[in-house]
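Now for the letters of each chain:
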Amino acid sequence: MGEQRWAGHAVLQVPVPALERFVRARTRHHDPAYLSPDPAHVHAHVTVLGPLPGDGVDAETAALVAKAVAAVAAFDYRLTRIATFPDGIIHLVPEPDDGFRALTARLVEAFPQFPPYAGAFGSLEELQPHLTLDLRTEGPGEVVTEESTRALLATLLDHPLPLACRAERVDLAWYEQDHCCTLASWPLGGRS
């Protein structure tokens, strides 16, 4: 991906374009250095494997990702429920989450050296697929809660929750301040 290398990490993610406006707005609010000028990059996503080191993929790695992603057909899901993790991450829960779990399982099988979230959240079965919306904040100047996030989401969405969505591809996204972009994409089920 060019000769210049930056310190950052890659993530395999399912883009959720229906929430891009909201997630871009919150990224702009919290840390605009992570806004990508890349039109192919979708900030709103459900992570299926990451972090991964490196700023690109070689042919062998791309083939492994393509094979893992091709083994899972495109699938429908709904985003209906807002929840908060103990660390304060406010998120949407995809239901059903079977497709995301199948993708993660296939990718972990292909890349056992890269456990999801670097192994920080337990076993594969314990992982909770999610789409990050915001961070709970209860300090001077700003209060962010599930309730305030729900209200803001209602003002920025073209359609209110629940959202019917379809997962059709997996993107390899690069995350680093001032250098976020999409490096590659693979269609679910191996379709082009």
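Each remark here, short or long, concerns the structure printed above.
Please read all numbers here as calculations on a predicted model, not as lab measurements.

*Asks:* Any chance you could explain the sheet that holds strand β9 (residues 169-175) here in plain terms?
*Replies:* If you trace the four strands from one edge of the open sheet to the other, you get β2-β1-β9-β10, paired in antiparallel fashion. Two strands close off the open sheet at either side, each with one partner strand: β2 (45-52) and β10 (181-187). Neighbouring strand axes in the sheet, compared pairwise and without regard to direction, differ in orientation by 25° on average. Where strand β1 (residues 9-15) lies against β9, five bridges are found, and the strand directions are antiparallel. Note that in β9 the partner of Gln 13 across the bridge is Asp 171. On the sheet, helix α2 (residues 59-70) packs against β1, β9 and β10 and is oriented at approximately 50° with respect to β10. Along the sheet, helix α3 (residues 98-110) contacts β1, β2 and β9; its crossing angle with β2, the most-contacted strand, is approximately 15°.

*Asks:* I tried to follow the side chain of His 91 on my own but got confused; where do I start?
*Replies:* Mapping His 91 onto the fold places it in strand β4 (residues 89-95). A relative accessible area of 3% means that His 91 is categorised as buried. Reaching out from His 91, the side chain makes a polar contact with the backbone oxygen of Ile 89 at a distance of 3.1 Å. Once residues within four sequence positions are removed from consideration, His 91 is found in contact with Arg 81, Ile 82, Ala 83, Thr 84, Phe 85, His 130, Leu 131, Thr 132 and Leu 133.

*Asks:* Got a minute to help me understand the side chain of Thr 149 in this structure?
*Replies:* Mapping Thr 149 onto the fold places it in helix α4 (residues 146-156). Given a relative accessible area of 2%, Thr 149 falls into the buried group. Among all residues touching Thr 149, those that are not within four sequence positions of it are Phe 22, Ile 90, Leu 133, Asp 134 and Val 144.

Calculation rules
Residues numbered from 1 in each chain as written. Predicted model: local features only at pLDDT ≥ 70, side-chain atom pairs only at ≥ 80, totals over all residues. Heavy atoms only, no water. Pairing = 2+ DSSP bridges. Helix = DSSP H or I, 4+ residues; strand = E, 2+ residues; numbered from the N terminus. Axes fitted to C-alpha atoms, helices over the stretch in contact; angles between N-to-C directions. Contact = heavy atoms within 4.5 Å. Buried < 20%, exposed > 50% of the residue type's maximum accessible area, 1.4 Å probe, protein only. Polar contact = N/O pair within 3.5 Å; in protein donor to acceptor, adjacent residues only side chain to side chain.

Any functional reading would require information that these geometric values do not contain.
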